[in-house]
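What follows is the residue order along each chain.
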Amino acid sequence: CSSRHCCLTYYAEENMRIRNLISLSFLTALILTACTGGDQSNGLEALKAQYDFAVPDTASITKIVIRDKKPSSVTLERTAKGWVVDSVHPVRKDAIEVLLKTLSEVRLKNFVTESAVPEIEQRMEVYGKWVEVFVGKQRVKHYIVGTETPDMLGTYYKMVGAELPFSVYIQGFNGYLSTRFFTESTLWRDRTIFGLAPAAIKNIEMVLPQDPSGGWVITRQNLKDLNGPLLEPASTPEHWSMVDASFETVQVKDDLALFTVVKSVQTLKYEGAIIPSDNVWIKKDSIFASTPAFELLVNTAEGQQLRTRAFYKKPEGQQQAADGTVHVWDPDRFYAELPDGRMALIQRYGWRNLLKLRWDFTELQ
């Protein structure tokens, strides 16, 4: 507080809020428990410290560690280039924004009745997420995020080392917060698959195992000198060509259509990662051993080859085409093997610029 008046006003409002949340007799017991000596004001401060979970200045946060009892853990760190997970991989912007908002805006909702404490703490021990928040090298918060309250509108939190758990919430949000604290690092990672700008690409190849003639290759390589330097600038559509198996140029209707494919590689994303807790995970090996729907090979300017394979996925429920035909395979999604071997879901819509046959680009139909 900046003045004595401000402090007195704050304590008056805080005391009124506490008295509205719990009975006076229970409050007195809590204060006596929290105090090691001194007056009632000190007791209130000691009590408040047990439920002061918020970190108002999220811009100062440099690291967040989340652990559970599986055991599994994830470390999120702020770098000059943004947040990263596992010290390397960029973090999903939406996920870190939601987490920081949660750290900042979490507030006390209700005190917990004495009779409910043992069960809540037992569930915390099994299902809880241990959260550490750092500013610089200093740990400023260390608490357990437990399960949801019976009305599903709050979440049980407890400071590590404190005596009591509390019910917390975010104003304006009807739900519980534990789902925001996940420990699977792959779920924190940005969903961009390749992230390669045209200048980083040498050529792109679409392989269609069930229709080999429909595949295609788009290249930036100088066709007159296959061992020579790549054509520059990479941002010019005229420097990209479609070639056949003999690396002979294939005439296309529009150079810009090829360049649209090249630019799409930079922004391709997967819909969501598939992890061991997902039901389909046990089928991962058999799915990856099946014939792919397609393979996309991206050869980089530095000589690296990156591959994503897509596999047919059974539809959820019975889906029909416009003519009433029942879809055997999901018309909108595929399972995918990402370049680093992880399993994910991808959407046909997100890949629409690449899911084309060779004939879609050429003059002859």
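What you see is a predicted model; the values in this text were computed from it and never measured. (Residues numbered from 1 in each chain as written. Predicted model: local features only at pLDDT ≥ 70, side-chain atom pairs only at ≥ 80, totals over all residues. Heavy atoms only, no water.)

**Q** I would appreciate a short explanation of the packing of aromatic side chains in the present structure.
**A** Aromatic ring pairs are reported here in terms of the distance separating the ring centres and the angle at which the planes meet. Enumeration according to the criterion identifies 13 aromatic pairs in this entry. Ring centres of Phe-53 and Tyr-157 lie 5.1 Å apart, and the angle between their planes is 75°; on these two criteria the pair is classed as edge-to-face. With Phe-53 in the loop between helix H3 (40–51) and strand E1 (63–67) and Tyr-157 in strand E8 (residues 155–159), this pair connects stretches of sequence that are 104 residues apart. An identical accessibility class is assigned to Phe-53 and Tyr-157; each is buried. (Phe/Tyr/Trp six-rings, centres within 6.5 Å; stacked < 30°, edge-to-face > 60°. Helix = DSSP H or I, 4+ residues; strand = E, 2+ residues; numbered from the N terminus. Buried < 20%, exposed > 50% of the residue type's maximum accessible area, 1.4 Å probe, protein only.)

**Q** Would you explain a nonpolar patch on the surface in this entry?
**A** A cluster of nonpolar side chains, Tyr-312, Val-328 and Trp-329, forms an exposed patch at the surface whose accessible area comes to about 300 Å². With respect to the helices, strands and loops of the structure, Val-328 is situated in the loop between strand E16 (305–312) and strand E17 (333–337). Accessibility expressed as a relative area gives 60% for Val-328, which makes it exposed. (Patch = residues over 30% accessible without salt bridge, like charges linked within 9 Å, V, L, I, M, F, W, Y side chains within 5 Å. Areas by Shrake-Rupley, 256 points an atom, 1.4 Å probe, with all protein chains shown as cover. Salt bridge = Lys/Arg side-chain N within 4 Å of Asp/Glu carboxyl O.)

**Q** How should I be thinking about the pattern of salt bridges in this particular structure?
**A** Should the charged atoms of two oppositely charged side chains come close, the side chains can pair. Counting across every chain of the model gives 17 salt bridges. Across the salt bridge formed by Arg-67 and Glu-132, the nearest N and O atoms sit 2.2 Å from each other. With Arg-67 in strand E1 and Glu-132 in strand E6 (residues 129–135), this pair connects stretches of sequence that are 65 residues apart. For Arg-67, a relative accessible area of 39% puts it in the partly exposed group. When its relative accessible area of 9% is taken as the criterion, Glu-132 is described as buried. A single network of salt bridges, built from pairs that share partners, joins Arg-67, Glu-132 and Arg-139.

**Q** Explanation requested: the pairing of strand E18 (residues 343–347) in the structure shown.
**A** For a regular strand, side-chain orientation follows a simple rule: the groups alternate between the two sheet faces. With four of its five residues buried, E18 lies for the most part within the structure. Examined bridge by bridge, strand E14 (residues 272–273) and E18 share two bridges and lie antiparallel to one another. Its bridge partner being in E18, Gly-272 is matched across the sheet by Leu-345. As judged from the five bridges shared by E17 and E18, these two strands associate in the antiparallel manner. Across the sheet, Ala-336 pairs through a bridge with Ala-344, a residue of E18. Hairpin geometry of E17 and E18 is characterised by an intervening segment of five residues between the two adjacent antiparallel strands and by a positive phi of about 90° at Gly-341. (Pairing = 2+ DSSP bridges.)

**Q** Can you help me understand the sheet that holds strand E12 (residues 241–243) in this one?
**A** Two orientations exist for strands paired in a sheet by backbone hydrogen bonds: parallel and antiparallel. Taken together, nine strands build an open sheet; the order of strands is E13-E12-E11-E10-E15-E16-E17-E18-E14 and the sheet is antiparallel. Bordering the open sheet on either side are strand E13 (249–250) and E14, each of which pairs with just one other strand. Pairing between strand E10 (residues 201–207) and strand E15 (residues 294–300): six bridges, direction antiparallel. Residue pairing across strands places Glu-205 opposite Leu-297, the latter belonging to E15.

**Q** Would you mind showing me how to read the sheet that holds strand E3 (residues 82–85) here?
**A** Read from one edge to the other, the open sheet built from nine strands follows the order E4-E3-E2-E1-E6-E7-E8-E9-E5, with strand pairing classed as antiparallel. Bordering the open sheet on either side are strand E4 (89–90) and strand E5 (107–111), each of which pairs with just one other strand. When E3 meets E4, the two strands line up antiparallel, connected through two bridges. Across the sheet, the residue bridging to Val-85 is His-89, located in E4.

**Q** Honestly, helix H5 (residues 117–127) in this entry has me stumped. Any pointers?
**A** If you check which residues of H5 are buried, you get Val-117, Ile-120 and Met-124. One face of H5 carries all of its buried residues, which in axial projection span an arc of 70°. Exposed residues lying more than 90 degrees from the buried face of H5 are Pro-118, Glu-119, Gln-122 and Val-126. Structurally, H5 contributes buried residues whose contacts are with E6, strand E7 (138–148) and E8. (Arc of directions from axis to C-beta. Contact = heavy atoms within 4.5 Å.)

**Q** Would you explain helix H7 (residues 255–267) in this entry?
**A** Counting along an α-helix, one turn takes 3.6 residues, and residues three or four places apart therefore face a common direction. Listed as buried for H7 are Leu-258, Phe-259, Val-261, Val-262, Ser-264 and Val-265. The backbone nitrogen of Leu-256 lies 3.0 Å from a side-chain oxygen of the residue at the head of H7, namely Asp-254. (Polar contact = N/O pair within 3.5 Å; in protein donor to acceptor, adjacent residues only side chain to side chain.)

**Q** Please clarify how the side chain of Ser-167 should be interpreted in this entry.
**A** Tracing the backbone through its elements, the reader meets Ser-167 in strand E9 (residues 166–169). Look at Ser-167 and you get buried, because its relative accessible area is 4%. Discounting residues that sit within four places of it in the chain, Ser-167 has contacts with Arg-107, Leu-108, Lys-109, Asn-110, Val-112, Thr-149, Gly-154, Thr-155 and Tyr-156.

**Q** Honestly, unusual backbone geometry in this entry has me stumped. Any pointers?
**A** Among all residues except glycine, the phi angle is most often negative; among peptide bonds, the trans geometry is most common. Of the consecutive residues Lys-70 and Pro-71, the connecting peptide bond is found in the cis state with omega at 10°. With respect to the element layout, Pro-71 can be found in the loop between E1 and strand E2 (73–79). A cis amide bond, omega -5°, links Glu-232 with the succeeding residue Pro-233. Mapped onto the secondary structure, Pro-233 falls in the loop between strand E11 (216–219) and E12. Unusually for a residue other than glycine, Asp-86 sits at a positive phi of about 55°. Tracing the backbone shows Asp-86 in the loop between E3 and E4.

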